[in-house]
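Here's the letter readout for the chains.
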Amino acid sequence: LNRIKGKIAFISGASSGIGKAVAEKLAQMGVNLILCARRAEVLAELKAKLEKEHAVEVITLAFDVRNYQEVAKNIQSLPEKWRQIDILINNAGLAIGLQHLYTYAIEDIDQMIDTNIKGFTYIANSVIPLMIATDKVGTIVNVGSVAGEIAYPNGSIYCATKFAVKALSDAMRIELMDKKLKVTTVKPGLVETNFSKVRFKGDEQKAENVYKGITPLYAEDIADTITYIVNLPDKVQITDITVTPLHQSDAIHVYKLA
Ligand code: NDP
Ligand code: 8X3
């Protein structure tokens, strides 16, 4: 049953991985899309592909979620029709490095906190008022992580940012109880996307090793879960969902085959 055809979804981090896969699944369901990321040309290619393959309209907004002025300006200047946002996928985020806290370069610490906590909040702060104003039932999906449930060694800052996403998402859900907005925290385990390539600053070997010995999830798997959540009946809210591959239990417990 397709309950979301013709609706409008705003997706941050839509140029790659989970965000891109959600864009593809929602386009298949006939959802019109506002796609955001820093890389304008990648977004433009995705827009052309989705509009060609599906009967949907797509607009792209290229900005850095760390820059509040850019976030606010881009969202404030959306044309009236595109302000009727039904679905927010607050997904842009990253990890950098896998190392002891005291060895981190300050710019790497700042990039994680500024993207995953501050950027996440800037998007929420700019999009939620538009969703409230529509007076329609809508869904906010906040992409957390298993790293936001248990801290793991060498992941201190990233884990802290994903614990923050969980706290922000929980508080947001309580604050929005009297509105028509549902809030879900989606917490993926190991998903093979660009995530590890970004984490290891382009070192493909290190990135591949993360997924060796297990069959990881792919972005499409998380996109299936997110599509399910946003397509639920109006009265059904999923507050939290953790999605791991076979052989992973949580951020620490992964059974790797030799
Ligand atoms: P990818 O690296 O494939 O995608 C990350 C997306 O975030 C890209 O579209 C990137 O676009 C965007 N992004 C990063 N920084 C910024 C920024 N400053 N401003 C705007 N957009 C930005 O990784 P994933 O798809 O795996 O990651 C998506 C989310 O899922 C993240 O929040 C991540 O923490 C979370 N997650 C991932 C897991 C995994 O194992 N892969 C597991 C659990 C959670 P661009 O570079 O064009 O700006
Ligand atoms: C990404 C999952 O365990 O690689 O959020 O940190 S993990």
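Here, every reference points to the structure presented above.
From a predicted model like this one, the values you see are computed outputs, not experimental measurements.

## Digging into the site of ligand 1
1) Next: Around ligand 1, the surrounding shell holds 30 residues, and the nearest of these are Ser16, Arg38, Arg39, Tyr158 and Thr193.
2) Next: Within the backbone of glycine 17, an N or O atom sits 3.5 Å from an oxygen atom of ligand 1.
3) Next: Here an oxygen atom of ligand 1 sits 3.3 Å away from a polar atom, N or O, in the main chain of glycine 189.
4) Next: In the complex, the protein chains occlude 96% of the 880 Å² of accessible area that ligand 1 would expose alone.
5) Next: Elements supplying a minimum of two residues to the shell around ligand 1: α1 (17–28), α5 (156–175) and α6 (195–199).
6) Next: Residue composition of the shell around ligand 1, grouped by class: 13 nonpolar, twelve polar and five charged.

## Let's talk about the packing of aromatic side chains
1) Next: For the coordinates displayed, the defined rule picks out two aromatic pairs.
2) Next: Ring geometry for tyrosine 68 against tyrosine 122: centres 5.1 Å apart, planes inclined by 65°, an arrangement best described as edge-to-face. Here the residue tyrosine 68 occupies a position in helix α3 (residues 68–76), and tyrosine 122 occupies one in helix α4 (residues 106–134), the gap between them amounting to 54 residues.
3) Next: Over the ring of tyrosine 158 we find arginine 199, and its NZ or CZ is 5.4 Å from the ring centre.

## With respect to the sheet that holds strand β2 (residues 32–37)
1) Next: Across the sheet, seven strands lie side by side as β3-β2-β1-β4-β5-β6-β9; this open sheet has parallel pairing. In this open sheet, the two edge strands, each paired with only one partner strand, are β3 (58–62) and β9 (240–243). The mean angle between the axes of side-by-side strands here comes to 15°, regardless of whether they run parallel or antiparallel.
2) Next: In terms of strand pairing, strand β5 (residues 138–143) meets strand β6 (residues 181–188) through six bridges, oriented parallel. Paired with threonine 139 across the two strands is lysine 182, which belongs to β6.
3) Next: Docked against the sheet, α5 engages β5, β6 and β9, running at close to 160° with respect to β6.

## Overview of the pairing of strand β1 (residues 8–12)
1) Next: In terms of burial, β1 is a largely internal element, five of the five residues being buried.
2) Next: Burial along β1 is two-sided: the residues Ile8, Phe10 and Ser12 and Ala9 and Ile11 are all buried.
3) Next: Pairing geometry for β1 and β2, over five bridges, is parallel. Among the inter-strand pairings, isoleucine 8 is bridged to a residue of β2, identified as asparagine 32.
4) Next: Handedness of the β-α-β unit built from β1, α1 and β2 comes out right-handed.
5) Next: Summarising the sheet, β1 and strand β4 (residues 87–90) pair through three bridges and their orientation is parallel. Opposite alanine 9, over in β4, you have isoleucine 87 as the bridge partner.

## Let's talk about the pattern of salt bridges
1) Next: In total, this model carries 17 salt bridges according to the counting rule given.
2) Next: Here lysine 47 and glutamate 51 are joined by a salt bridge, their closest N and O atoms 3.2 Å apart. One end of the pair, lysine 47, and the other, glutamate 51, are both in helix α2 (residues 40–53), four residues apart, so they sit about a helical turn from each other.
3) Next: Between aspartate 170 and lysine 166 there is a salt bridge; the shortest N-O distance is 3.0 Å. Placement of the pair is aspartate 170 and lysine 166 together in helix α5, with a separation of four residues, close to one helical turn.
4) Next: By relative accessible area, which is 22% here, lysine 166 ends up partly exposed.

## Comments concerning the site of ligand 2
1) Next: Contacts to ligand 2 come from Ser145, Ala147, Tyr152, Tyr158, Phe195 and Arg199.
2) Next: At 2.5 Å from an oxygen atom of ligand 2 is found a side-chain nitrogen or oxygen belonging to serine 145.
3) Next: Side-chain polar atom of tyrosine 152 to an oxygen atom of ligand 2: 2.5 Å apart, as the coordinates give it.
4) Next: Residue composition of the shell around ligand 2, by class: four nonpolar, one polar and one charged.

## Things to note about the nonpolar core
1) Next: Within the largest apolar cluster, 36 residues are counted, with the highest numbers of intra-cluster contacts made by Ile11, Leu26, Leu33, Leu35 and Ile226.
2) Next: The contacts of leucine 26, once residues within four sequence positions are left out, are Ile4, Ala9, Ile11, Val31, Leu33, Thr227 and Val230.
3) Next: Grouped together as the second largest cluster of nonpolar side chains are 28 residues, Phe63, Ala124, Val127 and Leu181 included.

Rules used throughout
Position numbers for residues start from 1 in each chain and track the written sequence from start to end. The naming scheme follows written order: chains are lettered A onward, ligands numbered 1 onward. Local features in this predicted model are restricted to residues whose pLDDT is 70 or higher, and side-chain atom pairs enter the listing and the counts only when it is 80 or higher, whereas totals over whole chains, interfaces and linings include all residues. Based on all heavy atoms of the structure, the side-chain values leave hydrogens and waters out of the count. Each residue is tested against the molecule or strand, and it is near if at least one of its non-hydrogen atoms lies within 4 Å. Counting of polar contacts relies on pairs of N or O atoms within 3.5 Å, with two restrictions inside protein: one atom must be capable of donating a hydrogen and the other of accepting it, and residues adjacent in sequence are counted only when both atoms are side-chain atoms. Exposure was quantified through the Shrake-Rupley algorithm and a 1.4 Å probe, taking into account, for residues, occlusion by the shown protein chains and nothing else. Runs of E in the DSSP output that reach at least two residues are strands. Runs of H or I that reach at least four are helices, and both are numbered from the N terminus. Amino acids outside the nonpolar list (Ala, Val, Leu, Ile, Met, Phe, Trp, Tyr, Cys, Pro) and the charged list (Asp, Glu, Lys, Arg) are all regarded as polar, and Gly is one of them. Only the six-membered ring of Trp is used, alongside the rings of Phe and Tyr, when aromatic pairs are assigned; centres must lie within 6.5 Å, and planes under 30 degrees apart are stacked while those over 60 apart are edge-to-face, with the rest tilted. Here, a charge over a ring is recorded when the distance from Lys NZ or Arg CZ to the ring centre is within 6 Å and its angle to the ring normal is within 35 degrees. Only strands joined by at least two bridges in the DSSP assignment are considered to pair. Helix axes use the C-alpha atoms of the stretch in contact, all axes being lines fitted to C-alpha atoms, and the angles between their N-to-C directions lie in the range 0 to 180 degrees. Contacts were defined at the residue level, with two residues in contact if any of their heavy atoms lie within 4.5 Å. Relative accessible area decides the class of each residue, using a 1.4 Å probe on protein chains only: under 20% of the type maximum gives buried, over 50% gives exposed, and in between gives partly exposed. Assignment of crossover handedness uses the view with strands pointing away from the viewer, where a clockwise path from the first strand over the helix to the second indicates a right-handed crossover. Basic side-chain nitrogens of Lys or Arg form a salt bridge, by our definition, when they fall within 4 Å of a carboxyl oxygen of Asp or Glu. Only buried residues count toward a nonpolar core, which is a set of Ala, Val, Leu, Ile, Met, Phe, Trp, Tyr and Cys residues joined through side-chain atoms within 4.5 Å.

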